[in-house]
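# Inside the fold
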Amino acid sequence: MSEIARDRLPVVVIGAGPVGLAAAAHLLERGLEPLVLEAGGTAGAAVASWGHVRLFSPWRYDVDAAARRLLEPTGWTLPDPDALPTGRELVEDYLAPLAATEAISSRLRTGTRVLAVARDGADKTRSLGRERRAYRVRTVDAAGRVTDVLARSVIDASGTFSTSNPLGVSGLPAAGEADAAPFVTGPLPDVLGADRDRFAGRHTLVVGMGHSAANTLLSLVELSEATPGTTITWAIRGGSARRLFGGGTDDELPARGLLGTRLRGAVDAGRLRLLARVSIEQLVPGPESVQVLGTAKDEPLALDVHAVVNATGFRPDLDVLREVRLDLDPVVEAPSALAPLIDPNQHSCGTVPPHGEAVLSHPDDGFYLAGMKSYGRAPTFLLATGYEQVRSVAAALAGDRAAADVVELNLPATGVCSSDLALEADGDSAAGSCCGAAPAEPQLVTLGVGAPAGVGFATGVAHGRSGDGEG
Ligand SMILES: Cc1cc2nc3c(=O)[nH]c(=O)nc-3n(C[C@H](O)[C@H](O)[C@H](O)COP(=O)(O)OP(=O)(O)OC[C@H]3O[C@@H](n4cnc5c(N)ncnc54)[C@H](O)[C@@H]3O)c2cc1C
């Protein structure tokens, strides 16, 4: 395939989440043709799955600038900029209208899962003329039909929400974990809403020690007050939940303090049972319940539960990228140049410098990870950062190197972390929270968004966010 032909192909964007849709908006502004491939039935499918959870960033920082420019001519207006939307509101009041614009809807294929990405006509080992080759993106639709799409470039904004870390130790699934899948949920089931029946009057094991685990535990406690027989066990890999309990009423962030205080109160009052230094080795599913076998504080552990909530964090799905020449950091699985900027062992949100295309590139030109997935296993991602990434990538793809290199997201030196999601990693997990291991106590992040917004902001009040270093 000639170079000219490659340039005439669309830029495939994998995932119609907030960052994938923003990428499409920026590409359109640059005169490039996006094709957005979304596995879910609608745009924002991943966000919709945690729709009952409230974001910690207010509306003004949840909307991409190019997306806004697409939306406003349709009569859309930004919701109260200081209000904190739920995931559902983010979908209904922003992502769905954005996906419905003529410009995007005509370039969006929902129900289309990307199975693999490769250079057209060249496997990973073939170098000759590689840079002239298009990308071949293999997809499967809801009916199981497999179709290949050719692309000039690929922006993988498929997030990490569907690839939780396993329950087993050492980063590997416990024996029987796959067979027990019907009993295992993601980190943020809608305990008090749509998923209520699954937990009411039943015994649930919550695994993890991050913000998502805390939110789910408190919802289960609330459920147990209304429904007798609701039993809760909480397993953490570390020796103590002290850091999750936080500074109580002295905490500089009221929401975080409240969360920790409530959780500690629930544990102290015996509303839930906390097991420390837990290692899950085997899951044995039965007709109604699943047996969880392993150790707790080196003693044998055997629990019989109706549901297991896996709140141990996320990892990127790299299997689909097996044929792409990637340059990934061996620790966090983010682009190598980005990793040191976001590594939770070294950095908190507040010390993550702004970044654009220059740190997102890979040996295979024109391929980018963006959004949540670009952070690999690091839990420090913010939407504002993702919007800046795709603005810069679109500029680079359009050949506007200067615009690509002028990074517009401005993180001031003083702010640290974002909110009560800032919970530290459990035990010796490297995947720290938003504030990671850098500061002993997480603090408020203050972000400044440069042009066009040009204002600083603090993300102060928070509710759930998973993947925040939950071990
Ligand atoms: C509970 C929670 C609360 C959060 N709160 C905030 C907040 O307040 N502020 C903030 O800045 N950030 C927040 N985040 C972090 C982050 O901004 C969100 O996770 C955000 O949704 C990431 O956007 P994304 O577009 O990168 O990925 P996603 O929203 O995960 O979107 C990825 C899309 O790709 C699709 N997809 C996946 N695999 C494939 C495939 N193989 N083929 C095709 N499509 C695929 C998915 O269905 C999905 O629609 C929060 C995260 C969580 C989980």
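Above this text sits the structure in question.
Counting restarts for each chain, with residues numbered from 1 along the sequence as it is written. pLDDT decides what is reported in this predicted model: residues at 70 or higher carry local features, side-chain atom pairs at 80 or more are listed and counted, and totals for whole chains, interfaces and linings draw on all residues regardless. To get the side-chain values, take all heavy atoms of the structure and skip hydrogens and water.

## A word on the overall build of the protein
Put simply, DSSP H or I for four residues or longer makes a helix, DSSP E for two residues or longer makes a strand, and each gets a number counted from the N terminus. Of the regular secondary structure elements, the protein holds 14 helices and 19 strands. The buried share of the protein, taken over its 471 residues, is 55%. Considering only contacts in the protein between residues 6 or more positions apart, those separated by 24 or more positions represent 71%. Accessible surface area values rest on a Shrake-Rupley calculation with a 1.4 Å probe, where residue burial reflects the displayed protein chains alone. If you sum the accessible surface of the protein, you get close to 18500 Å²; carbon and sulfur atoms cover 51% of it. Exposed residues in this analysis have more than 50% of their type's maximum accessible area, buried residues have under 20%, and partly exposed residues fall in between, with area computed by a 1.4 Å probe over protein chains only. It only takes one pair of heavy atoms within 4.5 Å for two residues to be counted as in contact.

## Observations regarding the sheet that holds strand S5 (residues 135-141)
Two strands qualify as a pair provided that DSSP identifies no fewer than 2 bridges between them. Pairing is antiparallel in the open sheet, where 3 strands are placed in the order S4-S5-S6. Strand pairing shows two members of the sheet lacking a second neighbour, strand S4 (112-119) and strand S6 (146-151), which therefore form its edges. Direction aside, neighbouring strands of the sheet carry axes that sit 25° apart on average. Across 6 bridges, the pairing between S5 and S6 is antiparallel. Along S6, the bridge assignment pairs Tyr-135 with Ala-151. Whenever a helix is involved, its axis is fitted only over the stretch in contact; in every case the axis is a line through C-alpha atoms, and angles between N-to-C directions fall within 0 to 180 degrees.

## What to know about the site of the ligand
Around the ligand sit 31 residues in total, of which Glu-38, Phe-56, Ser-57, Met-372 and Leu-383 are the nearest. Here a polar contact is taken to be a pair of N or O atoms separated by no more than 3.5 Å, where protein atoms must pair a possible hydrogen donor with a possible acceptor and residues adjacent in sequence count only if both atoms sit in side chains. In this structure, an oxygen atom belonging to the ligand sits 2.7 Å away from a main-chain N or O atom of Phe-56. Leu-383 places a polar main-chain atom, nitrogen or oxygen, 2.7 Å from an oxygen atom of the ligand. At the level of secondary structure, the elements contributing two or more residues to the shell around the ligand comprise helix H2 (18-29), helix H3 (45-49) and S4. Broken down by class, the residue content of the shell around the ligand amounts to 19 nonpolar, 9 polar and 3 charged. Throughout, the term near means that a residue has one or more heavy atoms lying within 4 Å of the molecule or strand in question. Gly is put with the polar residues, along with every residue not named as nonpolar or charged; the nonpolar set is Ala, Val, Leu, Ile, Met, Phe, Trp, Tyr, Cys and Pro, and the charged set is Asp, Glu, Lys and Arg.

## Re the nonpolar core
In this structure, Val-19, Leu-21, Leu-27, Tyr-94, Ile-155 and Leu-397 are the most contacted members of the largest nonpolar core, which totals 52 residues. Going through the elements one at a time, strand S1 (11-14), H2, helix H4 (65-71), helix H5 (87-100), helix H11 (339-342), helix H12 (357-360) and helix H13 (383-397) are the ones with two or more residues in this core. Examining the composition of this core, we find that 7 residues originate from one element, H2, more than from any other. Those residues in contact with Leu-27 that sit more than four places away from it in its chain are Val-11, Val-13, Leu-32, Pro-34, Ile-155, Ala-394 and Leu-397. Here, nonpolar core means buried Ala, Val, Leu, Ile, Met, Phe, Trp, Tyr and Cys residues that are tied together by side-chain atoms lying within 4.5 Å of each other. Counting residues in hydrophobic clusters, the runner-up holds 26 residues, among them Leu-218, Ala-241, Ala-276 and Val-309.

## Quick notes on helix H8 (residues 211-226)
Along an α-helix, a turn takes 3.6 residues, which lines up residues three or four apart on a common side. In this analysis, the expected span of each helix is defined as 1.5 Å times one less than the number of residues it contains. In this model, H8 (16 residues) spans 23 Å end to end at C-alpha, consistent with the 22 Å of a helix rising 1.5 Å per residue. Where burial is concerned, most of H8 is hidden: 12 out of the 16 residues are buried.

## Regarding unusual backbone geometry
Its identity as a non-glycine residue notwithstanding, Ser-170 has a phi of 60°, on the positive side. Given the relative accessible area of 69%, Ser-170 is considered exposed. Located in the positive-phi region is Arg-277, a residue other than glycine, with phi close to 50°. Exposure remark for Arg-277: the relative accessible area of 37% places this residue in the partly exposed category.

## Some remarks on the pattern of salt bridges
What counts as a salt bridge is simple: a side-chain nitrogen of Lys or Arg found within 4 Å of a carboxyl oxygen of Asp or Glu. Tallied over the entire structure, the rule returns 23 salt bridges. Residues participating in the shared-partner salt-bridge network are Arg-6, Arg-119, Arg-130, Asp-364 and Asp-365.

## A few points about the pairing of strand S2 (residues 34-37)
A two-sided burial pattern is seen for S2, the buried positions comprising Pro-34 and Val-36 on one face and Leu-35 and Leu-37 on the other. The sheet contact formed by S1 and S2 spans 4 bridges and is parallel. By the bridge assignment for S2, Val-12 is matched with Leu-35. A crossover gets the label right-handed when its path from the first strand over the helix to the second runs clockwise, viewed with the strands pointing away from the viewer. For the segment spanning S1, H2 and S2, crossover handedness is right-handed. Note that S2 and strand S3 (residues 108-109) share 2 bridges and pair parallel.

## Thoughts on the environment of Thr-139
One can find Thr-139 in strand S5. Along the sequence, Thr-139 and Ala-116 sit 23 residues apart, while their C-alpha atoms lie 7.2 Å from each other. Excluding its chain neighbours within four sequence positions, the residues that come into contact with Thr-139 are Leu-37, Thr-112, Arg-113, Val-114, Leu-115, Arg-145, Val-146, Thr-147 and Val-149.

## Looking at the side chain of Lys-373
Mapped onto the fold, Lys-373 is located in the loop between strand S16 (367-369) and H13. Classification of Lys-373 by relative accessible area gives buried; the value is 1%.

## Comments concerning the packing of aromatic side chains
Any pair of Phe, Tyr and Trp rings, taking the six-membered ring for Trp, is counted once the centres come within 6.5 Å. Such a pair is stacked with planes under 30 degrees apart, edge-to-face with planes over 60 apart, and tilted for the rest. Counted according to the given criterion, the structure contains 5 aromatic pairs. Ring geometry for Tyr-135 versus Phe-367: centroids 6.4 Å apart, planes at 45°, classification tilted. In this pair, Tyr-135 is assigned in strand S5 and Phe-367 in strand S16, connecting sequence segments 232 residues apart. Each member of the pair, Tyr-135 together with Phe-367, is buried. When the centroid spacing of 6.3 Å and the interplanar angle of 70° are considered together, the rings of Trp-234 and Phe-245 count as edge-to-face. Linking Trp-234 in strand S10 (residues 231-235) with Phe-245 in helix H9 (residues 242-245), this pair joins segments that are 11 residues apart in sequence.

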